[in-house]
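Examining the three-dimensional arrangement
Chain residues, written in single-letter form:
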Amino acid sequence: MLDQLQKLGATALGVAERLGRGHLFLWHVLGGFPALLPRFGLVITQLFSVGVLSLLIIAVSGLFVGMVLALQGYNTLVDFGATESLGTMVALALVRELGPVVGGLLFAGRAGSALTAEIGLMKATEQLSAMEMMAVDPLHRVVAPRFMAGILAMPLLAAIFSALGVIGGYFVAVGLLGVDDGAFWSQMQAKVDLHEDILNGVIKSIVFGFVVTWIAVFEGYDTVPTSEGVSRATTNTVVHGSLAILGLDFILTALMFG
Amino acid sequence: MMHSRSVQIWVGLFVVAGMAALLMLSMKVSNISAFTESEGFEVTAYFENIGGLKVRSPVTMAGVVVGRVASIGFDRESYEAVVTLNIQSEYDNIPEDSSASIFTAGLLGEQYIGLEAGGTEDVLKEGSELELTQSAIVLEQIIGQFLVSQADKE
């Protein structure tokens with residue numbers, strides 16, 4: 001009985017300690033942001049690996065999600081003779097939810113895991129310690145550019161996801177299913193609000209980008225410096241990042257559209 | 001940094017693509033004119049029953065959207081609904097004795113306010129009140145009246 005209680009307490013303390021370390025880590029990394037501005041090349045290099053290399057999976061997924069949404073939505077809407085609303089449905093679903101959320105999940109899987117593995121291996125091979133020996137702060141030199149790149153890349157990726165999804169939905173709805181071209185766009189424009197829908201979607205994607213990148217770089221930096229530890233940290237990034245996105249999405253949706 | 005130049009070009013392309021996507025979403029998918037909408041003047045109208053009218057429902061004149069419902073309140077004295085309409089400032093020549101009716105778009109569609117031009121020289125401005133109003137048609141009431149009139153015939 002007492003042993004169980006002790007185990008529970010130890011777990012709770014471990015979680016609290018890790019949370020605390022995560023926040024101190026965040027504070028320290030954010031402190032390195034001003035110094036990045038004159039050396040923006042570092043961020044650009046990371047934007048390439050975080051953003052450009054994620055582009056293919058995001059673009060293809062967005063296109064197909066939009067196409068499938070249009071196909072499935074059509075089946076329901078056709079019963080009510082409301083197929084012109086297909087554009088509204090596809091656009092709202094993508095801009096409000098699927099763009100930021102599915103984009104964020106893909107981002108966690110594609111870019112987050114790579115960030116964790118990279119930083120974790122740097123730690124395992126003692127590159128980070130070597131930097132400290134040379135009085136270079138690895139949090140500022142290694143982590144901060146990656147963190148900033150993640151925050152910058154995520155809203156762009158989510159926007160590309162949504163835009164391509166709308167285009168995919170357009171091709172299926174107008175090209176395949178014979179929905180009227182003008183009604184598709186005009187209904188969409190009448191119902192989708194720039195401030196209410198699109199801006200809130202962008203805010204969501206910024207929050208998700210922040211959280212996923214934070215989890216990714218922290219897991220990498222905090223990893224047990226063995227090959228097993230790096231593998232576990234990479235898994236943790238994807239799992240915790242995805243859970244964080246889904247949980248935060250519920251809260252944000254309740255706040256924004258509730 | 002062996003491929004520094006090509007890396008930078010790719011990142012540039014990525015940023016351009018992202019911006020283009022955002023631009024497309026705001027221009028093509030949403031209605032960009034939503035930004036200018038807040039500039040306008042507000043007039044009030046009292047309705048006996050507003051049905052399913054909501055804030056941000058359109059206000060139309062001859063079918064053209066000229067404004068939106070800004071707020072809906074309840075008047076404690078007259079037990080009527082007070083609806084504040086925000087009319088875009090470019091429509092500054094609507095006669096003051098215009099009438100406002102609540103219509104339904106289609107059979108089951110959303111409800112909106114339709115304005116019908118009156119005849120006076122005075123125009124609506126900030127703070128004006130629309131005197132002539134017609135309430136929303138509540139389907140249940142009409143069905144009820146129909147049933148009663150049918151029963152009376154027999």
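On a predicted model such as this, the values are computed, not experimentally measured, just so you know.

1. What about the environment of A:Ser205?
All names here are of chain A.
- Looking at the secondary structure, you find Ser205 in helix H9 (residues 194–221).
- Filtering out sequence-adjacent residues up to four positions away, Ser205 remains in contact with Pro100, Met154, Pro155 and Ala158.
- A distance of 2.7 Å separates the side chain of Ser205 from the backbone oxygen of Val202, its partner in a polar contact.

2. Here we look at the sheet that holds strand S1 (residues 40–47) of chain B
Residues and elements named next belong to chain B.
- A sheet is described by the order of its strands in space; here 8 strands give the open sequence S7-S1-S4-S3-S2-S6-S5-S8, paired in mixed fashion. The open sheet has two free edges, formed respectively by strand S7 (129–130) and strand S8 (132–134), since each of these has just one partner strand.
- Where S1 lies against strand S4 (residues 80–88), 8 bridges are found, and the strand directions are antiparallel. Bridging across to S4, Phe41 finds its partner in Ile87.

3. So, the side chain of A:Thr237
- Along the chain, A:Thr237 turns up in helix H10 (residues 227–257).
- Assessed through its relative accessible area of 0%, A:Thr237 is described here as buried.

4. Focus: the pattern of salt bridges
All names here are of chain A.
- With the rule as written, the count across this model stands at 9 salt bridges over all chains.
- Residue Glu219 pairs with Arg18 through a salt bridge whose shortest N-O separation is 2.9 Å. Separated by 201 residues along the polypeptide, Glu219 in helix H9 and Arg18 in helix H1 (residues 2–31) bring together distant segments of the chain.
- In this structure, Lys204 and Asp249 form a salt bridge, with 2.9 Å as the shortest nitrogen-oxygen distance. Taken as a pair, Lys204 in helix H9 and Asp249 in helix H10 lie far apart in primary sequence, 45 residues in all.
- Since its relative accessible area comes to 0%, Lys204 is described here as buried.

5. Re the environment of A:Ala216
Residue and element names in this part refer to chain A.
- Summarising the element assignment, Ala216 is placed in helix H9.
- Residue class for Ala216 comes out buried when judged on its relative accessible area of 0%.
- In the structure, Ala216 is positioned 17 residues away from Ala233 in sequence and 8.5 Å away in space, judged by C-alpha atoms.
- Those residues in contact with Ala216 that sit more than four places away from it in its chain are Gly112, Leu115, Thr116 and Thr237.

Procedures and definitions
In every chain, residue numbers begin from 1 and rise along the written sequence. The lettering of chains begins at A and the numbering of ligands begins at 1, in the order of writing. Restriction of local features to residues with pLDDT of at least 70 applies here, the model being predicted, together with a cutoff of 80 or more for giving and counting side-chain atom pairs; totals for whole chains, interfaces and linings are based on all residues. Processing note: side-chain calculations cover all non-hydrogen atoms of the structure and skip hydrogens and water entirely. For the purposes of this entry, the term helix denotes a DSSP run of H or I that reaches at least four residues, the term strand denotes a run of E that reaches at least two, and both are numbered from the N terminus. Residue contacts follow a heavy-atom distance rule, with two residues in contact if any of their heavy atoms lie within 4.5 Å. Whenever two N or O atoms come within 3.5 Å, that pair is a polar contact, provided that in protein one can donate a hydrogen and the other can accept it, and provided that, for residues adjacent in sequence, both atoms are side-chain atoms. When DSSP locates at least two bridges between a pair of strands, those strands are taken to pair. Burial classification: accessible surface area is computed with a 1.4 Å probe over protein chains only, and a residue below 20% of its type maximum counts as buried, one above 50% as exposed, and the rest as partly exposed. Think of a salt bridge as a Lys or Arg side-chain nitrogen and an Asp or Glu carboxyl oxygen that are within 4 Å of each other.

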